[in-house]
Amino acid sequence: MMFETIVGIEIHAELKTKNKMFSPALNEFGSAPNKNVSVIDLGLPGTLPKINYEAIEMALKAALALNCKINKKMQFDRKNYFYPDLPKGYQITQNETPIGYDGFVEIEVDGETKKINIERIHIEEDTCKSLHEGDETYLDYNRAGVPLIEIVTKPDIKNDKEAILYLEKIREILLYLDVSDVKIEEGSMRCEANVSIKKKEDLKLGNKVEVKNIGSISNVGKAILFEEKRQEKLILSGEEIVTETRRYDEKLGETVLMRIKETKNDYRYFPEPDLSIIMLSDSHIEKAKKEMPLLPDEMRKKFTLDGISEINIKTIVASRELSGYFLEIYEQVDVIETSKILTSVVLKQLNKNRKEINEIDKEGFVKLVNARSDKKISSDQLEAMFVKLLNGEKNIEEQIENEKSDMLTSQDLEKLIITIIEQNQDSLDKYKSGDERVLKHFMGLIMKETKGKVDPKEANKQLLELLSKLA
Amino acid sequence: MKNILNLKLTEINELLKEKKIKPIDLVNEFEEKALSSSLNAFITLNIEAAKKRAIELEGKEVDNLFFGIPIVLKDNISTKNLKTTCASKMLEDYIPIFDANVVEKMEQKNMIIVGKTNMDEFAMGGTGETSYFGATKNPIDETLVPGGSSSGSAVAVAAGIVPFALGSDTGGSVRQPAAFCGVVGLKPTYGRVSRFGLIAFGSSLDQIGPITRDVTENAHLFEVINGFSKDDYTSADVEKFEAKDLKLNKKLKVAVPKFCVGENINDEVLSVFLPTLEKIKKMGHQVDYVEIPFLKYSIPLYQVIALAEASSNLARFDGLKYGYSPNQYDNFDDFVTKSRSVGFGAEVKRRMMVGTYVLSSENVDIYYKKALQVRQELTNELNSVYKNYDIILSPATPTAAFPLGEKRKPNEAFFDDLLTIPFNMSGHPSLSMPIGKCGIKPIGMQVSSNYFEEKKIYSFAIELEKELGV
Amino acid sequence: MNIDKKTVLHVSKLCRIDIENDLDKYYKEFEAIMDSVNEIIDVEVTEELMVVPNQQKNRYFSTSDLRISSEEFFCDSKRGFKVFKRCSK
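The rules we used
- Residues numbered from 1 in each chain as written.
- Chains lettered and ligands numbered in written order.
- Predicted model: local features only at pLDDT ≥ 70, side-chain atom pairs only at ≥ 80, totals over all residues.
- Helix = DSSP H or I, 4+ residues; strand = E, 2+ residues; numbered from the N terminus.
- Buried ≥ 20, exposed ≤ 12 C-beta atoms within 10 Å, placed from the backbone.
- Rg over C-alpha atoms; globule rule 2.2 N^0.38 Å.
- Contact = placed C-beta atoms within 7 Å.
- Nonpolar A, V, L, I, M, F, W, Y, C, P; charged D, E, K, R; others polar.
- Expected span 1.5 Å × (residues − 1).
- Pairing = 2+ DSSP bridges.
- pLDDT = per-residue confidence, 0-100.
- Axes fitted to C-alpha atoms, helices over the stretch in contact; angles between N-to-C directions.
- Parallel < 35°, antiparallel > 145°, perpendicular 65-115°, else oblique.
- Left-handed = near helix turned anticlockwise from the far one by under 90°.
- Core = buried A, V, L, I, M, F, W, Y, C linked by C-beta atoms within 7 Å.
- Arc of directions from axis to C-beta.

Each helix and strand in chain C was counted, giving two helices and one strand. Its helices and strands taken in sequence order, chain C reads α-α-β from the N to the C terminus. Here chain C holds 89 residues, and the buried ones make up 25% of them.

Right under this line is the structure:
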């Protein structure tokens with residue numbers, strides 16, 4: 001029997017604002033418990049929320065990046081329920097007017113572009129963190145009130161692979177927008193998958209099973225695969241799929257029942273009477289657009305057009321810092337040569353020296369890569385000088401001059417090679433007749449004549465070019 | 001000197017300035033009066049801290065009218081290090097760690113907070129009888145209700161225990177007890193007094209208001225507590241009210257809604273209100289009867305909007321961080337249910353259940369959203385009256401004070417606020433002032449104006465007060 | 001709208017109030033209040049909703065003005081804020 005799977009995904013991402021969503025307490029990961037807490041976060045009686053515009057701006061950028069329509073008149077709503085981690089007995093969220101709706105992202109599935117539709121993206125506050133120790137429960141309110149965006153897809157995802165691609169895409173976009181750390185292990189990104197299956201010939205979808213607490217993107221894929229199998233088995237044995245909430249147990253590699261939804265949760269949403277409404281003007285939106293960086297998809301398109309190799313594009317785009325650095329010097333360098341340098345020498349040395357790309361002086365780096373693309377220096381020299389630059393060498397220009405004075409320019413080298421070839425007509429003849437051993441002989445002569453002041457790789461390359469012209 | 005607190009504010013201020021009395025004398029007098037009172041007006045007396053404060057003030061210059069003046073606050077206004085119970089078992093031992101914005105404002109004027117007053121539990125009730133700490137009695141006649149929910153605040157002022165009090169008004173909770181006790185109470189324009197620190201009942205309706213012996217002093221106290229607040233996003237960024245030039249420079253156009261003198265209004269009330277209207281006409285003001293059809297939906301509007309908001313606002317009382325909590329329980333839900341079932345009184349439970357019901361997903365459109373629309377319609381009607389009229393006058397309450405302990409149906413508990421609710425719905429300012437008595441029972445008149453026109457209300461009320469000689 | 005006891009019981013559970021021993025009493029009171037609340041159902045209105053009078057627009061904070069922190073509240077908690085003992089039940 002053939003089955004079809006339908007998955008909808010909900011992502012919660014914490015925004016990396018300075019302050020919390022509705023209070024001026026700091027939004028800081030890793031502080032001592034209950035350090036970043038105001039009376040507002042505790043929901044003490046008589047306290048009233050405030051609105052952090054930085055969070056609205058970040059959410060707006062995310063909504064724009066996900067190609068959403070924007071609700072220009074927004075309100076906040078209360079979602080009422082009781083839970084130990086919910087200080088006020090309600091969560092302030094956006095029910096009626098999510099900041100963004102009807103958006104989409106594109107993923108590449110087996111070489112084909114597929115659109116995943118985004119139903120909505122809205123702003124809400126995080127709850128506090130519960131810690132269980134023995135039979136005691138402790139609450140850490142540092143997380144209470146941290147701004148979150150929730151991104152909800154339409155049920156457009158067909159399998160685990162698409163789910164993973166979608167999640168990686170969202171993660172990459174939020175990372176590039178610099179609005180979230182999107183670290184699943186730290187909880188700044190959380191994923192839930194709603195999985196339902198049906199027999200291919202059936203029109204109606206089976207009941208939806210919600211899988212929560214999934215600890216990594218790859219586990220989302222595993223959880224979906226597990227659910228597919230579990231639900232298939234149930235259907236095949238004539239049982240009904242129950243609407244329920246499960247969690248993914250990493251050790252077992254299985255989803256485990258959390259609770260069965262007997263009745264629909266009644267959250268009793270209503271407009272938050274303690275907050276002002278927010279009117280997003282065109283200028284708010286324009287400003288957000290202007291501040292948005294080039295996003296990965298656009299970047300990939302640009303790099304491809306400019307002739308950068310696919311593998312190098314992948315490496316560069318994988319790092320927001322690296323690609324950002326590249327874009328900043330993009331107009332001043334030979335981009336193909338630079339992409340090669342960035343993905344080889346630079347990454348290697350950064351790793352080795354435990355440094356960040358942004359620590360490298362841009363001006364010096366531009367001079368260095370330009371010296372290399374003008375063949376003024378060899379790749380070995382480039383690497384050596386890059387290490388100096390990394391260690392704070394200020395005068396890279398002088399360094400290049402010093403090295404260069406020892407080196408033959410590529411024009412001089414060309415002249416020299418032509419002379420050598422002309423003086424060794426018999427060797428040239430041998431080469432023409434297919435004897436490649438003479439190459440070594442020529443190289444020996446070149447190195448001897450230049451007293452080693454030449455990049456052997458470069459010399460070899462030029463020699464081959466000239467020989468092939470003559471042959 | 002005896003009974004200094006019964007003097008006018010300006011007179012007390014003079015005595016302080018001339019150093020004939022000290023702030024501590026005022027606190028001592030308050031203590032004596034409060035302790036000997038049998039009215040149950042207070043939940044917490046703040047004597048020790050107040051005396052300490054009074055002594056600190058001795059070294060300071062008397063720099064304003066309210067310097068060293070004692071005041072009492074309704075027990076739903078948060079006071080740092082001073083119990084704030086909302087007259088509920090739930091918060092019997094709750095001590096806030098911060099001051100309400102209004103408290104800060106009073107402290108800036110060096111006023112002395114001497115006590116927290118009794119009230120209906122979580123401000124839910126119109127008689128003062130739903131308090132966990134027992135009913136407050138009306139000083140006019142201890143067998144009568146004082147009105148509510150700011151029962152203790154109105155009583156403390158009416159009984160002469162203290163000249164100033166703050167209450168809160170969600171559907172009439174300042175104006176109605178003021179009327180029943182024969183004192184002056186204002187519900188300011190929504191947004192004019194910061195709600196930060198006021199333990200919320202109906203967030204879109206609540207305003208803190210002053211309760212005083214006369215209109216002028218009310219205006220002075222309102223000057224102290226009003227003003228924009230960055231802690232309250234519903235606070236209005238308008239010019240601060242100042243209690244000066246409170247004089248009418250023209251005759252007013254006065255509207256009296258027919259509904260407010262209609263079949264719902266008790267004869268006791270009309271017997272004082274209607275002659276007052278005649279006097280107002282004689283004073284040269286133009287008085288017209290007007291139709292405001294949506295006034296008749298006041299009570300259902302209140303029952304839906306106030307109770308819906310309350311059901312959410314009171315959800316935070318789960319016993320976890322503060323408040324009543326049980327010793328034995330099975331799990332979290334049981335813990336919360338026990339906290340709330342024991343911690344809240346019957347009126348609060350009833351109201352939260354109604355509020356929960358009208359917000360539930362199948363009812364939210366037919367009740368809650370509908371009510372938000374009706375509220376807008378009512379507001380539109382009132383606004384159109386203010387296009388042609390300066391003020392709207394009505395009795396403050398449909399009846400005068402009635403006996404304590406009277407058996408009433410659950411729905412009748414809302415009836416006392418019939419005439420005051422509309423202005424909470426629309427957000428307009430409205431003042432209740434005594435205009436005379438029916439037998440021994442005080443009768444209050446409600447004076448309401450367009451948004452932020454408290455000055456007009458006070459100016460008219462001062463003129464009328466003089467005319468009536470009350 | 002007709003309300004039955006089951007509905008009242010359900011509502012009480014939603015707001016975590018145990019009324020089972022007084023269900024009859026609460027049911028009667030609830031019904032009485034709803035009689036009056038129901039008056040609102042058939043009122044003819046326009047489409048506007050009013051959330052708060054004098055509704056403010058676009059008010060935000062953008063500084064870290066932490067006027068009131070809750071240090072005192074947590075003065076003796078290192079690991080977190082102890083909430084309650086969970087029971088295995």
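Structure's up, so let's keep going.
With that settled, the discussion passes to the overall build of chain B. Of the regular secondary structure elements, chain B holds 14 helices and 11 strands. For chain B, the C-alpha radius of gyration of 21 Å lies close to 23 Å, the compact-globule estimate for 470 residues. Considered along the principal axes of its C-alpha atoms, chain B spans approximately 70 × 55 × 45 Å. Contacts in chain B between residues at least 24 apart in sequence constitute 75% of all its contacts with a sequence separation of at least 6.

Between chain B and chain A, the contact holds 31 residues from the first and 23 residues from the second. Broken down by secondary-structure element, the contributors of at least two residues to the side of chain B that touches chain A are α9 (298–313), α10 (332–343), α11 (346–359) and α12 (364–388) of chain B. Tallying contributions element by element places α9(B) first for the side of chain B that touches chain A, with three residues. Each residue belonging to the side of chain B that touches chain A can be placed in one class, and the counts come to 15 nonpolar, nine polar and seven charged.

With that settled, consider the interface of chain C and chain B. Every contact between the two is made by 38 residues of chain C and, on the other side, 49 residues of chain B. When contributions to the side of chain C that touches chain B are tallied by element, the ones reaching two or more residues are α1 (5–14), α2 (23–37) and β1 (81–85) of chain C. At eight residues, α2(C) tops the list of elements feeding residues into the side of chain C that touches chain B. Its residues assigned to classes, the side of chain C that touches chain B comprises 23 nonpolar, six polar and nine charged.

Residues and elements named next belong to chain A. Here helix α2 (residues 53–65) is 13 residues long and its end C-alpha atoms lie 18 Å apart, about the 18 Å a rise of 1.5 Å per residue gives. With 12 of 13 residues buried, α2 lies mostly within the body of the structure. Three or more residues of α2 are buried, namely E54, A55, I56, E57, M58, A59, L60, K61, A62, A63, L64 and A65. The positive-phi residue at the C-terminal boundary of α2 is N67, with phi of around 55°.

Residues and elements named next belong to chain B. Residues V184 and L186 of strand β5 (residues 184–187) are buried on one face, and the alternating residues G185 and K187, pointing to the opposite face, are buried as well. Here β5 pairs with strand β6 (residues 207–212) via two bridges, running antiparallel. Paired with V184 across the bridge in β6 is T212. Note that β5 and strand β10 (residues 430–438) share three bridges and pair antiparallel. Its bridge partner lying in β10, L186 is registered against L431.

Residue and element names in this part refer to chain C. Predicted confidence across chain C gives a mean pLDDT of 80, with 67% of residues reaching 70 or more. Per-residue pLDDT, averaged within each element of chain C, yields its smallest value for β1 (56) and its largest for α1 (94). For this predicted complex, the interface confidence score (ipTM) comes to 0.97, while the overall pTM stands at 0.91.

Residues and elements named next belong to chain A. Spatial strand order, β5-β4-β15: three strands in an open sheet with antiparallel pairing. At either margin of the open sheet sits one strand with a lone partner, and together these are β5 (90–93) and β15 (270–271). Sheet analysis places strand β4 (residues 77–80) next to β15, joined by two bridges and oriented antiparallel. The residue of β15 that forms the bridge with D77 is P271.

With that settled, consider the packing of helix α9 (residues 335–353) of chain A against helix α10 (residues 362–373) of chain A. All names here are of chain A. Look at α9 against α10: their axes get within 10 Å of each other, and the N-to-C directions meet at 115°. Relative to α10, the element α9 lies roughly perpendicular. The handedness of the crossing between α9 and α10 is right-handed. Contacts between α9 and α10 pair E337, T338 and I341 from the former with V369, R372 and S373 from the latter. Of the residues that constitute the contact of α9 with α10, the class distribution is two nonpolar, two polar and two charged.

Here we take up the sheet that holds β5(B). Residue and element names in this part refer to chain B. Spatially, 11 strands are ordered β1-β3-β2-β4-β6-β5-β10-β11-β9-β7-β8 in an open sheet, and the strand pairing comes out mixed. Of all the strands in the sheet, just β1 (42–45) and β8 (286–290) have a single pairing partner and so form its edges. Between one strand axis and the next, the sheet turns through 30° on average, direction left out of account. Two strands pair when backbone bridges link them, and strand β2 (residues 70–74) and strand β3 (residues 112–117) are joined in this way by five bridges, in the parallel orientation. Each bridged residue has a counterpart across the sheet, and for I71 the counterpart in β3 is I113.

Attention now goes to the pairing of β4(A). Examined bridge by bridge, β4(A) and β5(A) share four bridges and lie antiparallel to one another. Across the sheet, the residue bridging to A:N80 is A:Y90, located in β5(A).

A:A59, A:A62, B:I71 and B:V304 are the most contacted members of the largest nonpolar core, which has 237 residues in total. The next biggest cluster of nonpolar side chains, apart from the first, holds 26 residues, and it includes A:M299, A:F303, A:I316 and A:V346.

This part covers the environment of B:P188. Residue and element names in this part refer to chain B. Structurally, P188 is set in the loop between β5 and β6. Judged by local crowding, P188 falls into the buried class, with 26 C-beta atoms found within 10 Å. Between the C-alpha atom of P188 and that of L9, which follows or precedes it by 179 residues, the distance is 21 Å. When near neighbours in sequence (up to four residues on either side) are disregarded, P188 contacts V193, Q207, G209, F222, N226, P429 and E454.

The next subject is the environment of A:L413. Residues and elements named next belong to chain A. Summarising the element assignment, L413 is placed in helix α13 (residues 410–423). On a C-alpha basis, the gap between L413 and D266 in space is 81 Å, while along the polypeptide they are 147 residues apart. Once you skip the residues sitting within four places of it in the chain, L413 turns out to touch L408, V454, A459 and Q462.

Residue and element names in this part refer to chain B. End to end, helix α8 (residues 267–282) covers 23 Å across 16 residues, agreeing with the expected 22 Å (1.5 Å per residue, within 8%). All buried positions along α8 are accounted for by V269, V272, F273 and I280. All buried residues of α8 lie within an arc of 95° about the axis, which places them on one face of the element. Residues of α8 that are exposed and angled more than 90 degrees away from the buried face: D267, P275, E278, K281 and K282. Close packing links the buried residues of α8 with β7 (253–257), β8, β9 (391–395), β10, β11 (441–449) and α14 (454–468).

Residues and elements named next belong to chain B. Within the secondary structure layout, L246 lies in the loop between α7 (215–225) and β7. Taking C-alpha positions, L246 is 9.5 Å from A461, a pair spaced 215 residues apart along the chain. Setting aside anything within four residues of it in sequence, one finds L246 in contact with T216, A219, K455, Y458, S459 and I462.

Glycine aside, residues mostly have negative phi, and peptide bonds are mostly found in the trans state. Residues and elements named next belong to chain B. At the junction of G148 and S149, the peptide bond is cis and its omega measures out at 15° in the coordinates. Tracing the sequence through the fold places S149 in the loop between β3 and α5 (151–158). Phi is positive for N3, close to 50°, though the residue is something other than glycine. Residue placement: N3 occurs in the segment before α1 (9–17).

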